[in-house]
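Each chain is listed here by its residues.
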Amino acid sequence: MSYSNIKATLLLFILSINILQVRSNKLKDFFVTKKFHVQVVNSLPINSPILRVHCASKNDDIGFHDLVKDGQIEWSFREQVLSNTLYFCHFWWGSKDKAFEVFNALHGCIKDSQLDGQTRLCRWSVTDIGFFLEDDKGKKYITSTW
């Protein structure tokens, strides 16, 4: 094999690898949505008992957290188009406890929410009244009481 044939074969090989890499990245972008962020914030009154929170999904356990006033936990993930990612949290505050889904929809964080469907932030504020959901534009509404 001549030097020019080896050079041409090597160039063709490198070009093929680059084309496959570009196609692979475009395919990945097609099947993976943008990144979502979930935050849980303790907005309970000062001198309240500590808020204990446990959040998880089928594949990801965020763990147990004891949140002081204004303390927070947060996590991020990428939603797959063909899957149904669901995160739930269980909250304990003094003698009260409540559990519910904090993410279950690509549009608006939770199904039938009043948030902008384009939001990528699901911010939960826990108060003595209940649980408020807020989006990245500051729109906020109560979803549940204790």
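This text follows the structure it describes.
Residues numbered from 1 in each chain as written. Predicted model: local features only at pLDDT ≥ 70, side-chain atom pairs only at ≥ 80, totals over all residues. Heavy atoms only, no water.

### Let's talk about the state of the cysteines
Inference 1: With the rule as written, the count across this model stands at 2 disulfides.
Inference 2: Disulfide pairing is shown between cysteine 55 and cysteine 89; the S-S distance is 1.9 Å. On the sign convention where negative means left-handed, the S-S torsion of about 110° between cysteine 55 and cysteine 89 marks this disulfide as right-handed. Of this pair, cysteine 55 sits in strand β2 (residues 51-57) while cysteine 89 is found in strand β5 (residues 87-93), placing the two residues 34 residues apart along the sequence. (Disulfide = S-S within 2.5 Å. Helix = DSSP H or I, 4+ residues; strand = E, 2+ residues; numbered from the N terminus.)

### Things to note about the packing of aromatic side chains
The relative placement of two aromatic rings is captured by the distance of their centres and the angle of their planes.
Inference 1: Taken as a whole, this structure holds 12 aromatic pairs when the rule is applied.
Inference 2: Pairing tryptophan 93 with tryptophan 146 gives two aromatic rings, centres 5.5 Å apart and planes at 35°, and the pair type is tilted. Placement of the pair is tryptophan 93 in strand β5 and tryptophan 146 in the segment after β9 (140-145), with a sequence separation of 53 residues.
Inference 3: According to the relative accessible area criterion, tryptophan 93 is buried, its value standing at 12%.
Inference 4: Taken together, the ring pairs in this structure connect Phe91, Trp93, Phe100, Trp124, Phe131 and Trp146 into an aromatic cluster.
Inference 5: The side chain of lysine 140 reaches across the aromatic face of phenylalanine 132, ending 5.6 Å from its centre. (Phe/Tyr/Trp six-rings, centres within 6.5 Å; stacked < 30°, edge-to-face > 60°. Buried < 20%, exposed > 50% of the residue type's maximum accessible area, 1.4 Å probe, protein only. Lys NZ or Arg CZ within 6 Å of the ring centre and 35° of its normal.)

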